[in-house]
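# A structural walkthrough
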Amino acid sequence: MARELTYRDALREALREEMYRDERVFLMGEDIGAYGGSYAVTRGFLQEFGPERVRDTPIAELGIVGLGIGAAIGGLRPVVELMTINFSLLAMDQIVNHLAKIYYMFNGQFTAPVVVRTVEGFGQLAATHSQFFENYFAYVPGLRVVAPAVPKDAKGFLKAAIRGNDPVIFIEHSLIYRNRGEVPDGEDFLLPLEGAEVRREGRDVTIVSWLRGYYLALGAAEELAREGIECEVIDLRVLRPLDIETIVRSVQKTNRLVIVEEGWKSFGVGAEIAASVQERAIDYLDAPIARVASVEVPMPYARNLERLVVPNKDKVIEAVREVLYQRTLVPVAR
Amino acid sequence: MTSTVDGQLPGVALTKSELLEMYRLMVLIRRFEEVAAEQYALGKIAGFLHLYIGEEAVAVGAIRAMDPEDHLVTHYRDHGYALALGLDPRRCMAELFGKATGLVGGRGGSMHFADASKHFWGGYAIVAGLLPIAAGLGLASKYLNQRRVAVAIFGDGATNNGAFHEALNFAALWKLPVLFLCENNQYGMGTAVAHASAVREMYRKACAYDIPAEQVDGQDVLAVYEVTKRALEHCRSENGPYFIEALTYRYRGHSMADPETYRSKEEVEEWRRQRDPIVLFRQKLLSHTVATEEELAALDQAVEEAVAEAVRFAEESPEPDPATLTQYAYADPITVR
Ligand SMILES: Cc1ncc(C[n+]2csc(CCOP(=O)(O)OP(=O)(O)O)c2C)c(N)n1
């Protein structure tokens, strides 16, 4: 059985169920309690679980993650929230220099199973509040980096992340919290924290993306299907460990690849995917890999400028035409 | 001052065997490090090697005061704490040699000693980075009603870093059982305290967070013991954190790579001659007839042999198995490629 849930409610369910299941699970972050969470994921939790388990913190990102690490070593299961990914930079030392390394550096003696939930997105918030930093985390061995696009994954991943023994960076997207989807019933619905998923089959071109980019890919695929172009759409879901195999298998079928990401193109996740695909499947490529990404400027505030920066469905369609050598000469801001 | 009972120090609730063990550990740390420096010069030990020589009383006094259940996290100058905890000097030396038999199997080296069985959760090499982690351990202890105190060891240099302030604020705000033990050895690398810190007494910084704090003579092992004991009791009784500043001095450079251009030989000599923690403690033990010259000499001799044995062990131990290179990157299995 399954029910339809929003992405937000899927996250809420995962957190609630795990908190009921295991007393050691607690939440910590800025304004997650009295305020109800910046994106309302934890609304009502303070009343339900009390201040020991739903901890409003000072605005101290490094401290929040560092306390999470210590708490995890000390036997708890912390889920820490960084209000948005933009502020994760202040916690980068704890995440990269400590969290990611504790298990290896101390020779497997102990681990720090912290789940760091954070959110990316945009919406006329200007340069410091509209950034996509998943590549910063995906770069680091020792971390698992998940980026669920659909409610089912949001729930299954979050529960698995809480129960697992590795540190997990759990990236959400502010513009998909209201998206709906089927979520299987059952308190033990868990998804392994790895593996991309082919969500739409197609023979002509592979589009790989994640988070909001996945929905752009899907929209583009549906539109292109009306003119007979069949796109295979892969939701990457997990950035580390990277499931390159699923992408390669798809490219071997379609011989064409479009990567859609909201981050900047240079040095991003898409760059990694493109390089890995050419390492493994260059002979199968009938066209250069196309990448749709944000224009490389700090995000402007003005609505029209912001729209020019981020990927949209039309840019994805344009990229598909490009790899199919059907490119119409519509000017695209790059 | 004279002792009333042989084998005891007035006003000190430690037995003779405990006092002699403290002496032995201080000598062990000293000798272990002197030999480590020699082995470094011989190229047997590489990387950064931060020696603790001169500061032995802090580790030994503090650890003696701790409960075996308490948590410990330290900075990278961690050999003294490991030895004071009773960790096998052979495994400590083997870690410096990068051998499979080392404390952490050769994965961490000098700066990352750890032993989970002793609740020693590691030496951390990023200045101040361990402080929020210590606060988190205090949080876990309180959450689980364990009465375990998390002890954090760090230098004066760490007190100027944001992580320090975040950790103190969290610990005070949530009344976490955390003992912040600052070793003020007067320098952060080559930068004297006065050049780095607007406030020269580290313990005064705790007042910004309403954390009780005091200064102690870090060259006096019994003074460190006493204040730590009291501080731990404070933390254990759900009063929240405590802050100790131990005034101490390192005789050697910041690390083996340090040319020591920032301080005079005379200054170092002065501390060595007048404030050496081992000499001071030795004199106290003798003058109060807690021990005889012969007893102490026998301990010195035993330490000498233990350290020589540690080197032999490290030398003869195998290097880590290359097949284990990627082991422990993740705790749960990964199947995708
Ligand atoms: C964040 C950070 N910056 C710089 C360094 C380089 N570094 C290592 S130890 C050290 C001095 C620290 O001094 P202090 O905290 O007083 O401890 P001590 O070495 O004196 O015991 C510096 C600058 C570092 N490890 N981490």
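It should be emphasised that the depicted structure is a prediction, and the values quoted were computed from it without experimental measurement. (Residues numbered from 1 in each chain as written. Chains lettered and ligands numbered in written order. Predicted model: local features only at pLDDT ≥ 70, side-chain atom pairs only at ≥ 80, totals over all residues. Heavy atoms only, no water.)

Let us look at the nonpolar core. In this structure, A:I273 and B:M93 are the most contacted members of the largest nonpolar core, which totals 205 residues. For this core, the element with the most residues is helix α1 (residues 16–41) of chain B, which contributes 13 residues. Sequence-distant contacts of A:I273, that is, excluding residues within four places in its chain, are made with A:V208, A:W210, A:L236, A:L242, A:I244, A:I247, A:L257 and A:I259. (Core = buried A, V, L, I, M, F, W, Y, C linked by side-chain atoms within 4.5 Å. Buried < 20%, exposed > 50% of the residue type's maximum accessible area, 1.4 Å probe, protein only. Helix = DSSP H or I, 4+ residues; strand = E, 2+ residues; numbered from the N terminus. Contact = heavy atoms within 4.5 Å.)

This brings us to the site of the ligand. Residues and elements named next belong to chain B. Surveying the vicinity of the ligand reveals 15 residues, the closest of which are Y76, R77, A125, G157 and Y187. Measuring from an oxygen atom of the ligand, one finds a side-chain N or O atom of Y76 at 2.6 Å. At 3.0 Å from an oxygen atom of the ligand is found a side-chain nitrogen or oxygen belonging to N185. About the coverage of the ligand: the protein hides 73% of its 580 Å² of free accessible area. Of the residues belonging to the shell around the ligand, the class tally is 7 nonpolar, 6 polar and 2 charged. (Near = heavy atom within 4 Å. Polar contact = N/O pair within 3.5 Å; in protein donor to acceptor, adjacent residues only side chain to side chain. Areas by Shrake-Rupley, 256 points an atom, 1.4 Å probe, with all protein chains shown as cover. Nonpolar A, V, L, I, M, F, W, Y, C, P; charged D, E, K, R; others polar.)

Tracing the chain through its elements places A:E61 in helix α3 (residues 61–73). It turns out A:E61 is buried and unbridged, and the closest side chain with the opposite charge, A:R117, is 14 Å from it. (Lys, Arg positive; Asp, Glu negative; His and termini not counted. Salt bridge = Lys/Arg side-chain N within 4 Å of Asp/Glu carboxyl O.)

Facing the 55 residues of chain A at the interface are 46 residues of chain B. Taken together, the two surfaces of chain A and chain B that pack against each other cover about 4,000 Å², and 64% of this comes from carbon and sulfur. On the chain A side of the contact with chain B, A:L67, A:Y104 and A:N107 bury the most area, a combined 17% of that side's loss. Residues B:R337 and A:E245 are paired through a salt bridge, measuring 3.8 Å at the closest nitrogen-oxygen approach. Between chain A and chain B we count 19 residue pairs in polar contact (both at pLDDT 80 or more) in total. Residue assignment for the side of chain A that touches chain B shows that the elements contributing at least two residues are β2 (25–29), β3 (54–56), α3, α4 (92–99), α5 (102–105) and α9 (244–254) of chain A. When residues of the side of chain A that touches chain B are assigned to their parent elements, the largest contribution, 10 residues, is made by α3(A). Considering only residue class, the side of chain A that touches chain B consists of 24 nonpolar, 16 polar and 15 charged. (Buried area = accessible area lost by both parts, 1.4 Å probe.)

Here we come to the pattern of salt bridges. Here the idea is simple: oppositely charged side chains can pair when their charged atoms come close. Residue and element names in this part refer to chain A. Scanning the model with the defined rule gives 53 salt bridges over all chains in all. D153 is paired through a salt bridge with K152; the nearest N and O atoms lie 3.3 Å apart. For D153, a relative accessible area of 0% translates into the label buried. In this structure, D286 engages R256 in a salt bridge whose closest nitrogen and oxygen atoms are separated by 4.0 Å.

A few words on the sheet that holds β3(A). Residues and elements named next belong to chain A. Across the sheet, which stays open at both edges, the 7 strands sit in the order β3-β2-β4-β5-β7-β6-β12 with mixed pairing between neighbours. The open sheet terminates on both sides in strands that have one partner only, identified here as β3 and β12 (238–240). Strand after strand, the sheet turns through a mean of 20° between neighbouring axes, direction not considered. Across 6 bridges, strand β5 (residues 115–120) lies against strand β7 (residues 168–173) in parallel orientation. Paired with R117 across the strands is F170, a residue of β7. (Pairing = 2+ DSSP bridges. Axes fitted to C-alpha atoms, helices over the stretch in contact; angles between N-to-C directions.)

Residues and elements named next belong to chain A. Spatial ordering of the open sheet is given by β9-β11-β10-β13-β14, a layout of 5 strands whose pairing is mixed. With one partner strand each, in any of the chains shown, β9 (197–200) and β14 (290–294) form the two edges of the open sheet. Looking at each pair of strands side by side, their axes are set apart by 25° on average, direction ignored. Pairing analysis gives 3 bridges linking β9 to strand β11 (residues 231–235), with the strands arranged antiparallel. Counted as the bridge partner of V198 is I234 from β11. Against the sheet, helix α8 (residues 212–225) engages β9, β10 (205–209), β11 and β13 (257–264), with an angle of about 165° to β11. In the packing of helix α10 (residues 269–281) onto the sheet, the strands contacted are β10, β13 and β14, and the crossing angle to β13 comes to about 155°.

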